[in-house]
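Descriptive structure summary
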Amino acid sequence: MDLVNTLNLSHYLNLAAIEIGEHLYWEIGNLKLHGQVFLVSWFVILILVIVSFLATKNIQRIPSGIQNFMEYILDFIRGLAKDQIGEKEYRPWVPFIGTLFLFIFVSNWSGALIPWKLIEIPEGELAAPTLDINTTVAFALLTSGAYFYAGLKKKGLAYFADYAQPSPIMVPFRAIEDFTRPLSLSFRLFGNILADELAVGVLVLLVPLFIPLPLMLLGLFTSAIQALIFATLAASYIGEAMEVHGEEH
Amino acid sequence: MTQWILLAAETAEGGGLFDLDATLPLMAIQFLILAWVLNKLLYSPLGKAIDDRAGYVQGQLSSAKDKKANTLAIAQQYEQELKDVRKESQQVIAQAQAEAQKIVSDQVQQAQQEVIVERQKASEEIETERADAFAYLEQKVEALSNQIVEKFV
């Protein structure tokens, strides 16, 4: 506790101070919200919406500039969804998977690239929304819901009968998997981003200049990979839920 | 370091690292709204543009293929026609040469015949001239011999 206090109180090292587990609370009725998460997530949403708007404002057959860039990204997302879900069924899932990827990616990078700490807020500090467990759990639960929805919509209640494929021994494992999947999804993302933030923060605290740069670059890489992993796993769960047994490749 | 994180997780009153609250459902709702908005704003129009372009390229490609096949057929037809025309022209040339040859030989023959006829006529004329000349000479000889006879007798 002393250590935390000394770190926060050392004014000339204010840039490098690390605050964890402190939140800017907003209260709506008797609901408590983490304000800093929403502030940065709105910033991320704003970026995504503005870029999307600019990219599709004036669609050309021969793309250039930002349209070209966003088409590249959309092609990438479609390829990801197509690989995991399959040519026939992937299209309705592109918005879900694409938004997962884009939101997590832009969140992570904004957390790594923008010095949010310079903006003072009364409590806690601004950081990537994915640095908050609420965000990652929300996405993980949405992913669970998405693959249950996909499976049930495709196969009806026969979806649960597939738990006994290829043998009834699989039933408990499959059932446990339904709980471990959101858990691992949310904690993987949360843990990686938190670890990166902490490592960079501590290093900046010790050596403010230049030395943390390689670690920051590594952080950018990890951030991108985590977004990719989350989106790929979500797509793969959805694809698996819709897979028809006996028709596997 | 671990101690420090644990401290932070434990000590913040009503907070901490694993503080789940209403942020979670609101974030989920916000995410779904974002997905919907981005679908309207980004995925649909841009996906449509990509698909349209793919269709356009496919169409262009197949029409180009058609055109190529067409062109090849036309070229082949032209080549065939060219071959025919060449053959025909050769025939015409051969025919013309044959005709010319015939004309030449005809003319030559005719000329030769004419020459023969002329020659014959000329030799006949020479013959008559000669006969005439002999006759005249005989006459002269007779007259002279008569005169000589008269002078001597």
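The notes below deal with the structure included here. Small disclaimer: the values here were computed from a predicted structure and weren't measured. One numbering rule holds for all chains: residues counted from 1, following each sequence as written. Numbering of ligands from 1 and lettering of chains from A proceed in the order in which they are written. Restriction of local features to residues with pLDDT of at least 70 applies here, the model being predicted, together with a cutoff of 80 or more for giving and counting side-chain atom pairs; totals for whole chains, interfaces and linings are based on all residues.

Some thoughts on the overall build of chain A
What counts as a helix is a DSSP run of H or I of at least four residues, what counts as a strand is a run of E of at least two, and both are numbered from the N terminus. A count of helical and extended segments in chain A gives 8 helices and 2 strands. The secondary structure elements of chain A, listed N-terminal to C-terminal, are α-β-β-α-α-α-α-α-α-α. Exposure classes come from backbone-placed C-beta atoms, where a residue is buried if 20 or more other C-beta atoms lie within 10 Å of its own, exposed if 12 or fewer do, and partly exposed in between. Here chain A holds 249 residues, and 36% of them are scored as buried. In chain A, 67% of the contacts between residues at least 6 apart in sequence involve partners at least 24 apart. Placing a C-beta atom from the backbone of each residue, one calls two residues in contact when those atoms lie within 7 Å.

Looking at the packing of helix α5 (residues 133-155) of chain A against helix α2 (residues 23-152) of chain B
At a minimum axis distance of 8 Å, the contact between α5(A) and α2(B) shows a crossing angle of 55 degrees. Comparing their axes, α2(B) and α5(A) come out oblique. When you trace α5(A) past α2(B), the crossing you get is right-handed. Taking contact as the criterion, the partners of N134(A), T135(A), V137(A), A138(A), F139(A), L141(A) and L142(A) in α5(A) are, on α2(B), T23(B), L24(B), M27(B), A28(B) and F31(B). Considered class by class, the residues forming the contact of α5(A) with α2(B) number 9 nonpolar, 3 polar and no charged. Axis angles are defined between N-to-C directions and span 0 to 180 degrees, where every axis is a line fitted to C-alpha atoms and, for a helix, only to the segment in contact. Roughly parallel means an angle under 35 degrees; roughly antiparallel, over 145; roughly perpendicular, 65 to 115; everything else is oblique. Should the near helix be turned anticlockwise from the far one by less than a right angle, the crossing is termed left-handed; should it be turned clockwise, right-handed. All amino acids are sorted into three groups, where Ala, Val, Leu, Ile, Met, Phe, Trp, Tyr, Cys and Pro are nonpolar, Asp, Glu, Lys and Arg are charged, and the leftover types, Gly among them, are polar.

Overview of the nonpolar core
In plain words, the nonpolar core is the set of buried Ala, Val, Leu, Ile, Met, Phe, Trp, Tyr and Cys residues that C-beta atoms within 7 Å link up. I97(A), L100(A) and I238(A) are the most contacted members of the largest nonpolar core, which totals 63 residues. Listing elements by their share of this core, those giving two or more residues are α2 (35-56), α3 (65-85), α4 (94-113), α5, α7 (170-206) and α8 (213-242) of chain A together with α2 of chain B. Broken down by element, this core gets its largest block of residues, 11 residues, from α2(B). Excluding residues within four positions of it along the chain, I238(A) makes contact with I85(A), W93(A), A146(A), Y147(A) and A150(A).

Quick look at the pairing of strand β2 (residues 31-34) of chain A
All names here are of chain A. Pairing geometry for strand β1 (residues 25-28) and β2, over 4 bridges, is antiparallel. Residue pairing across strands places E27 opposite K32, the latter belonging to β2. Connecting the antiparallel pair β1 and β2 is a turn made up of 2 residues, with G29 showing a positive phi of about 60 degrees. Whether two strands pair comes down to DSSP finding at least two bridges between them.

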